[in-house]
Amino acid sequence: MGDPARVLVLFAHPAFHNSRVNRRLVQAIEGVEGITLHDLDEHYPSFHIDVAREQELLRRHDLIVFQHPFYWYSSPAILKGWQDLVLEHGFAYGEGGNALRGKRCLSAITTGGPKEAYCPQGANRFSILELLAPFQQTAALCGMDYLPPLVVFGTHRLREAADLDPHADDYRSLLVVPISNRLGLGSVLGYLIAGVLIGPFGLHVVGREGQDVMHFAEFGVVMMLFLVGLELQPSLLWRLRLPILGLGGLQVLVTALAIALVGALLGLSPPVALAVGLIKTDAGQSSFSVLLFQDIAAIPILAFLPLLASKAPEALQTGSHAPAAGAPLQQAPQVIGIVLAMIVGGRFLMRPVFRVIAATKLREVFTATALLLVIGIALAMQQVGLSPALGTFVAGVVLADNEYRHELKGDIAPFKGLLLGLFFLTVGASIDFQLLQRSPVLVLALVLGLALVKFLVLLALGRVFRLGSGDNLLFALALAQGGEFCFVLFSFATTSKVLPQELSALLVVALSMVVTPLMLMAHERWIQPLLLARAPQREPDSIDNGDTQVIIAGFGRFGQIVGRLLLANRCRLTVLDHSPTQIDLLRHFGLTVF
């Protein structure tokens with residue numbers, strides 16, 4: 001029956017003709033490719049459910065959505081009957097019941113009561129998550145991942161289109177992003193597509209005010225660079241020094257110069273051509289070393305772009321990422337002082353602070369501290385005219401050897417993901433599709449030119465670094481697109497007056513992100529089988545375990561017995577534990593502890 005579709009929406013509403021909110025939610029997803037809207041009341045008015053048909057629908061989809069009003073703290077009768085009949089033993093659970101294992105599901109519900117009514121002190125006494133526990137347990141029994149629900153509270157108060165449209169847009173965006181992932185286009189492209197749909201060239205839900213939202217959402221980039229810094233442990237950098245500085249560095253340099261040369265031939269001024277070349281260097285996610293260098297390279301590029309600006313230094317201070325290029329000399333001591341304070345504080349002060357916070361065993365306190373750390377550093381750097389992204393990146397590097405870095409990453413990552421998603425939504429809403437209408441040939445030529453230049457550069461570098469033919473081709477194809485940082489750098493370059501507004505062609509970058517997955521799918525379908533057929537058999541790759549032979553999760557009484565036995569046999573250990581006192585004791589004895 002073809003490739004599996006992505007999303008199946010099981011909709012149930014016995015009084016749909018009287019519904020305002022659910023009708024608007026349904027309208028938001030109707031006709032969207034990859035979404036199957038299945039109205040149970042329409043198909044089964046007499047409750048005679050075709051079990052075989054429903055089970056086949058479930059097999060063909062990967063994300064199952066239960067959309068319904070929250071009648072009496074449960075679903076409408078038709079959906080409950082559907083669950084009783086369709087999710088039967090041997091199909092959804094029990095012996096041989098693996099048909100739904102690995103799929104995902106979520107609830108999209110509407111409630112008449114406001115959000116504050118769903119808490120221990122509210123009229124409904126229980127939270128939404130507690131009341132949805134039967135759905136969560138159903139998913140667990142069937143081997144599905146239950147995602148956080150989408151809830152529209154207080155539907156009786158939502159009467160105007162202005163009240164309903166934001167919820168409809170959230171619903172559409174929630175389902176469009178997984179579709180993009182299923183097609184191999186990536187979540188970033190999914191957010192861009194969702195932004196286009198709600199932007200001036202789509203449903204016109206977002207207009208010029210999207211630029212104001214983008215300034216807020218850019219803080220997600222700041223958090224992302226903090227997390228990148230946390231990954232840069234000195235031992236890892238030293239182990240990958242040759243591929244990072246060699247392959248990664250040459251890729252950035254050669255690609256920047258090649259694109260700058262093409263820009264100069266097309267008539268751009270040298271500063272603008274160089275700025276475009278620098279911006280186009282961040283590209284893909286195939287090779288860790290290249291990706292790592294590209295993430296690092298974004299930092300000096302952010303600092304270097306203002307030097308190319310043709311405006312006065314004070315004109316550079318208009319964006320949310322105010323650069324330091326125009327900062328007066330008297331600010332130098334402040335800049336040096338803040339950087340030194342970050343280094344000293346990160347190395348000697350934050351460890352005991354995190355130890356005290358961890359001893360409270362209150363997760364929300366640790367989360368609040370992590371957010372305060374990132375926000376405080378960003379504001380301090382902006383106060384002296386430096387990029388907040390640069391400051392948080394340096395702070396991340398300083399904390400990379402901290403034993404609490406994994407906890408920091410776990411607490412910051414959800415906020416980073418939300419803000420980055422919002423950032424790329426606003427980028428998609430601000431893409432100028434009139435440019436494609438005016439000059440379709442030019443835009444497509446630029447997209448193919450960008451992909452071709454990067455492909456040829458990467459292919460040549462792969463040969464220099466002696467990659468095999470198959471690996472080299474895949475490496476070049478995977479990195480041939482314009483990457484996520486292009487949007488960040490374009491926005492920054494336009495704000496800093498380095499590039500004119502009309503040259504900030506986000507459309508070219510977005511389209512290049514579409515082209516690359518298509519090339520990868522073509523490689524997987526046609527090229528890779530030919531290469532595998534011709535490739536000689538080789539020995540399995542050896543796995544480098546580093547200094548760790550055994551990981552012990554928890555070093556209580558039993559963990560200590562196991563640890564002593566392993567240490568007596570000269571095994572190298574890494575210990576995971578949540579007790580600050582235990583961590584300090586084990587570190588005193590020279591063990592690696594997190």
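Residues numbered from 1 in each chain as written. Predicted model: local features only at pLDDT ≥ 70, side-chain atom pairs only at ≥ 80, totals over all residues. Heavy atoms only, no water.

### Considering the overall build of the protein chain
Okay, step 1: Helix and strand content of the protein chain: 25 helices and nine strands.
Okay, step 2: By the burial criterion, 46% of the 594 residues in the protein chain qualify as buried.
Okay, step 3: Across the protein chain, contacts joining residues at least 24 apart in sequence account for 74% of those joining residues at least 6 apart.
Okay, step 4: Surface exposure of the protein chain reaches about 30100 Å², of which carbon and sulfur atoms provide 62%. (Helix = DSSP H or I, 4+ residues; strand = E, 2+ residues; numbered from the N terminus. Buried < 20%, exposed > 50% of the residue type's maximum accessible area, 1.4 Å probe, protein only. Contact = heavy atoms within 4.5 Å. Areas by Shrake-Rupley, 256 points an atom, 1.4 Å probe, with all protein chains shown as cover.)

### Thoughts on the packing of aromatic side chains
Okay, step 1: Tallied over the full model, the rule gives five aromatic pairs.
Okay, step 2: Centre to centre, the rings of Phe-66 and Trp-82 are 6.2 Å apart; their planes meet at 70 degrees, and the pair counts as edge-to-face. With Phe-66 in strand S3 (residues 63-69) and Trp-82 in helix H4 (residues 77-86), the pair connects residues that are 16 residues apart, well separated along the chain.
Okay, step 3: Relative accessible area serves as the criterion here: at 4%, Phe-66 is assigned to the buried category.
Okay, step 4: Plain terms: the ring middles of Tyr-118 and Phe-153 are 5.8 Å apart, the flat faces sit at 50 degrees to each other, and that makes the pair tilted. Taken together, the residues Tyr-118 in the loop between strand S4 (104-110) and helix H5 (128-131) and Phe-153 in the loop between strand S6 (150-152) and helix H7 (161-182) connect sequence positions 35 residues apart. (Phe/Tyr/Trp six-rings, centres within 6.5 Å; stacked < 30°, edge-to-face > 60°.)

### Details of the sheet that holds strand S9 (residues 592-593)
Okay, step 1: The parallel open sheet is built from three strands, whose spatial order is S7-S8-S9. Across the chains shown, the open sheet's two edge strands, defined by having one partner strand only, are strand S7 (550-553) and S9.
Okay, step 2: Across two bridges, strand S8 (residues 573-576) lies against S9 in parallel orientation. The residue of S9 that forms the bridge with Thr-574 is Thr-592.
Okay, step 3: Along the sheet, helix H24 (residues 557-568) makes contact with S7 and S8, crossing S7 at roughly 165 degrees. (Pairing = 2+ DSSP bridges. Axes fitted to C-alpha atoms, helices over the stretch in contact; angles between N-to-C directions.)

### Quick notes on the side chain of Thr-155
Okay, step 1: The topology assignment puts Thr-155 in the loop between S6 and H7.
Okay, step 2: Residues within four places of Thr-155 in sequence aside, it is in contact with Arg-20, Val-21, Thr-110, Thr-111 and Gly-112.

### Focus on the pattern of salt bridges
Okay, step 1: Applying the stated criterion across every chain, the model contains four salt bridges.
Okay, step 2: Close ionic contact of Asp-62 with Lys-103 constitutes a salt bridge, the shortest N to O distance being 3.7 Å. One end of the pair, Asp-62, is in the loop between helix H3 (51-60) and S3; the other, Lys-103, is in the loop between H4 and S4, and 41 residues separate them in sequence.
Okay, step 3: The residue Lys-80 makes a salt bridge to Asp-84 at a minimum N-O spacing of 2.7 Å. Here the residue Lys-80 and the residue Asp-84 both occupy positions in helix H4, the gap between them amounting to four residues, near one helical turn. (Salt bridge = Lys/Arg side-chain N within 4 Å of Asp/Glu carboxyl O.)

### Looking at H3
Okay, step 1: All of the buried residues along H3 are Glu-54, Gln-55, Leu-57 and Leu-58. Viewed along the axis of H3, the buried residues span an arc of 155 degrees, placing them on a single side of the element. (Arc of directions from axis to C-beta.)

### Some points on the nonpolar core
Okay, step 1: Among the nonpolar cores identified, the biggest contains 33 residues, and Phe-226, Phe-354, Leu-373, Leu-399, Leu-408 and Ile-412 are the most heavily contacted of them.
Okay, step 2: Broken down by secondary-structure element, the contributors of at least two residues to this core are helix H10 (219-231), helix H15 (332-360), helix H16 (363-383), helix H18 (405-430), S8 and helix H25 (580-588).
Okay, step 3: With eight residues, the top contributor of residues to this core is H16.
Okay, step 4: Dropping the residues within four chain positions of it, Leu-399 is found in contact with Phe-226, Leu-230, Gly-346, Met-350, Leu-373, Arg-405 and Leu-408.
Okay, step 5: Judged by nonpolar contacts, the second largest core, of 32 residues, contains Leu-8, Leu-100, Cys-142 and Val-151. (Core = buried A, V, L, I, M, F, W, Y, C linked by side-chain atoms within 4.5 Å.)

### Re unusual backbone geometry
Most of the time, phi is negative for any residue but glycine, and the peptide bond is trans.
Okay, step 1: In this structure, Tyr-73 is a non-glycine residue whose phi angle is positive, near 60 degrees.
Okay, step 2: As for its placement among the helices and strands, Tyr-73 is situated in the loop between S3 and H4.
Okay, step 3: If you check the backbone angles, Arg-125 has positive phi at about 70 degrees while not being a glycine.
Okay, step 4: Considering the arrangement of structural elements, one finds Arg-125 in the loop between S4 and H5.

### Digging into the pairing of S7
Okay, step 1: Pairing of S7 with S8, which is carried by four bridges, proceeds in the parallel orientation. Bridge pairing in S8 links Ile-551 to Thr-574.
Okay, step 2: For the handedness criterion, the β-α-β arrangement of S7, H24 and S8 is classed as right-handed. (Right-handed = clockwise from strand over helix to strand, strands pointing away.)

### Observations concerning a nonpolar patch on the surface
Okay, step 1: A cluster of nonpolar residues, Ile-336, Leu-340, Ile-343, Val-344 and Phe-348, forms a patch on the protein surface that exposes about 500 Å² of accessible area.
Okay, step 2: Relative to the helices and strands, Ile-343 is located in helix H15.
Okay, step 3: The partly exposed category is assigned to Ile-343, whose relative accessible area is 36%. (Patch = residues over 30% accessible without salt bridge, like charges linked within 9 Å, V, L, I, M, F, W, Y side chains within 5 Å.)

### Description of the side chain of Asn-124
Okay, step 1: With respect to the helices and strands, the residue Asn-124 is situated in the loop between S4 and H5.
Okay, step 2: Sequence-distant contacts of Asn-124, defined by excluding residues within four places in its chain, comprise Tyr-73, Ala-117 and Tyr-118.

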